[in-house]
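Fold and geometry: a report
Listed here are the chains, written in short residue letters.
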Amino acid sequence: MRPVHAPGVIRAWLAVVAAGAVLAGVSAIPLPSPELPRTASVRAGFAVPATPDAAVRDLLERRAAAVRAGDEAAFATTVDPQSPPDFQRRQHELFRNLTTIPATEWTYELDGTAGDRPPVPAADETWAPRVVLRYALTDVDGSPTRRALGYVFARRGGSWYLADDAGAWRGPWDFGLCHVRRTATGMVIGHDPQPVARVSRLLDAAVADVTAVWGPDWPRRVGVLVPASQEELRSLVGPEFAVDGIAAVAVADRVDTDARRAEGQRVVLNPKAADRLSDQALRVVLRHEITHVAARVDTAADAPMWMLEGFADYVGYRNSGVAPKDIAPDLIRKIHEAGPPARLPDDREFHQAGRRLDLAYQQSWSVVSHLADRLGERRLVDLYRRVAATGSPAEVDRALREATGLSKAQLVADWRAGLRHTFG
């Protein structure tokens, strides 16, 4: 994650108020009524309705096949013809938005047979089972990722339809027509072609810069999302992030560090920042977040934040041309007012706001930069892998001692002395 209260050039866009995205209206297309329901079998001249799970599985297979084939008429047959006009319109918009997304896999799966029976006007029967979208972006996702969809189905006579999707996860295609730029190392998806083009021009170099430090042992493929509104940003990154407090964030749908597998990794930019950062600042942000992508499978969920964010900032600012005094103005102020910090930042400090959050990042950057000067980059990466693999303070202390020859207290004292020399 990169905080919006970042130093120097990254801080400059804070006063900007982003306008919300406006989606163009699309008229609904009449939904055909099949003569014989697809969800029925024929016995002795009579249509026998299929079981709900068999009928809904068939509907989902037809829906996914229509997306893959670009067949809007077939897609429309899965939508409840008696659902509200606004829902039907949004379904047609969704289909058209999906036509621009390069995907190697796109399927809808019925995950179990349990589910509620929410009311749907005039429906003969309803069902809201767990449905999962399984998809993979072309040349980005090495394996498909899965996202739960809040689908509600309704039976009318012998046919089942999608009647509602309230509560479903929303991808960028749910927020408007998507502009997509593919590069040698990934893909950028957004709604405004200008920031999409700008980010795509910087992406390959940012991936190369991260690889120069981390090494080639990662997929080196990155998906970047450029949402058009704070609502879309919240949907893409989840409720755990205060979206007004970040410039960008690297997210993943699920991570298995034992199997060294991460699914659905994305770098998501804050729309308030994307078109207001200088190229220099945007490069820093991209390198920072891509470092998290590269290191994800080596990073435990409870690893110390000072190492995770400090290392990402170290890579982000490396050879950026941003002077140390501009990277760490709040740290310099603290040194002049109260002396160097007496300890490493703890995880709680990364859940604050404003200058306190800035200070935590700046301290972490300076600690990791100090370690890079002492160890060199290769040994720094090795140390990151050891520290990031554990949430145990004892294991962290052991890794620091074995790498530096210093206890944690001695390392802090050494760092403090370096700060006095550099910024005193």
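Residues numbered from 1 in each chain as written. Predicted model: local features only at pLDDT ≥ 70, side-chain atom pairs only at ≥ 80, totals over all residues. Heavy atoms only, no water.

This part covers helix α11 (residues 329-338). One turn of an α-helix holds 3.6 residues; hence residues three or four places apart share an orientation. Along α11, the positions that sit buried rather than exposed are Asp 330, Leu 331, Ile 332 and Ile 335. Following α11 by one or two positions, Gly 339 has its phi on the positive side, about 90°. (Buried < 20%, exposed > 50% of the residue type's maximum accessible area, 1.4 Å probe, protein only. Helix = DSSP H or I, 4+ residues; strand = E, 2+ residues; numbered from the N terminus.)

This part covers the packing of helix α12 (residues 354-375) against helix α15 (residues 408-423). Two elements in contact, α12 and α15, have axes separated by 10 Å at closest approach and are oriented at 100°. If you check the angle between α12 and α15, you find them roughly perpendicular. For the pair α12 and α15, contact is made by Gln 363, Ser 366, Val 367, His 370, Leu 371 and Arg 374 and by Leu 411, Asp 414, Trp 415 and Leu 419, respectively. When grouped by side-chain class, the residues that make up the contact of α12 with α15 number 5 nonpolar, 3 polar and 2 charged. (Axes fitted to C-alpha atoms, helices over the stretch in contact; angles between N-to-C directions. Parallel < 35°, antiparallel > 145°, perpendicular 65-115°, else oblique. Contact = heavy atoms within 4.5 Å. Nonpolar A, V, L, I, M, F, W, Y, C, P; charged D, E, K, R; others polar.)

Chain-level pLDDT for the chain is 87 on average; 88% of the residues reach the 70-or-more range. Note on residues 4-48: pLDDT under 50 across the span, and 94 contacts to partners over four residues away in sequence or across chains. (pLDDT = per-residue confidence, 0-100.)

The next subject is the layout of surface pockets. Roughly 980 Å³ of internal volume is contained in the largest pocket. Looking at the lining of the largest pocket, the elements with two or more residues in it are β6 (145-149), α6 (230-237), β12 (246-251), β13 (254-256), α8 (279-295), α9 (305-317) and α12. (1 Å grid on protein atoms, 1.4 Å probe; cavity = no way out; pocket = protein on both sides within 12 Å on 5 of 7 lines; lining within 4 Å. Points joined across faces, edges and corners; volume = space filled by probe spheres on them.)

Moving on to the packing of aromatic side chains. Counted by the stated rule, this structure contains 13 aromatic pairs. Pairing Tyr 151 with Phe 153 gives two aromatic rings, centres 6.0 Å apart and planes at 85°, and the pair type is edge-to-face. The same class applies to Tyr 151 and to Phe 153, which are both buried. Ring centres of Trp 214 and Tyr 384 lie 5.6 Å apart, and the angle between their planes is 85°; on these two criteria the pair is classed as edge-to-face. Here Trp 214, found in helix α5 (residues 193-214), pairs with Tyr 384, found in helix α13 (residues 377-388); they are 170 residues apart in sequence, far enough to count as distant. What links up through ring pairs into an aromatic cluster is the set Trp 106, Tyr 108, Tyr 135, Tyr 151, Phe 153, Trp 169 and Trp 173. (Phe/Tyr/Trp six-rings, centres within 6.5 Å; stacked < 30°, edge-to-face > 60°.)

Quick look at unusual backbone geometry now. The phi dihedral of Asp 139 is positive, around 60°, even though this residue is not glycine. Mapped onto the fold, Asp 139 is located in the loop between β5 (125-137) and β6. With a phi close to 55°, Arg 260 is a non-glycine residue in the positive phi region. Secondary-structure assignment places Arg 260 in the loop between β13 and β14 (261-263). Since its relative accessible area comes to 38%, Arg 260 is described here as partly exposed.

At their nearest, the axes of α13 and helix α14 (residues 393-404) sit 9 Å apart, and the two run at 160° to each other. The pairing of α13 with α14 is recorded here as roughly antiparallel in orientation. Between α13 and α14 lies a crossing of right-handed hand. Together, Arg 379, Leu 383, Arg 386 and Val 387 of α13 and Val 396, Arg 398, Ala 399, Leu 400, Glu 402 and Ala 403 of α14 make up the contact between the two elements. (Left-handed = near helix turned anticlockwise from the far one by under 90°.)

The buried count for strand β8 (residues 159-164) comes to 5 of 6 residues, which makes it a mostly enclosed element. Judged from the 5 bridges that link them, strand β7 (residues 152-156) and β8 form a sheet pairing that is antiparallel. Across the sheet, Val 152 pairs through a bridge with Asp 164, a residue of β8. The antiparallel hairpin formed by β7 and β8 contains 2 residues in its connecting segment, where Gly 157 sits at a positive phi of about 65°. (Pairing = 2+ DSSP bridges.)

On to the pairing of β7, then. Burial analysis of β7 places 5 of its 5 residues in the buried class, the great majority of the element. With 3 bridges joining them, β5 and β7 adopt antiparallel strand pairing. What sits directly across from Glu 125, in β7, is Arg 155.

Glancing now at the environment of Asp 174. Structurally, Asp 174 is set in the loop between β8 and β9 (179-183). Judged by relative accessible area, Asp 174 falls into the partly exposed class, the value being 24%. Considered as a pair, Asp 174 and Phe 95 are 79 residues apart in the sequence and their alpha carbons are 9.3 Å apart. At 2.9 Å, the side chain of Asp 174 forms a polar contact with the backbone nitrogen of Gly 171. (Polar contact = N/O pair within 3.5 Å; in protein donor to acceptor, adjacent residues only side chain to side chain.)

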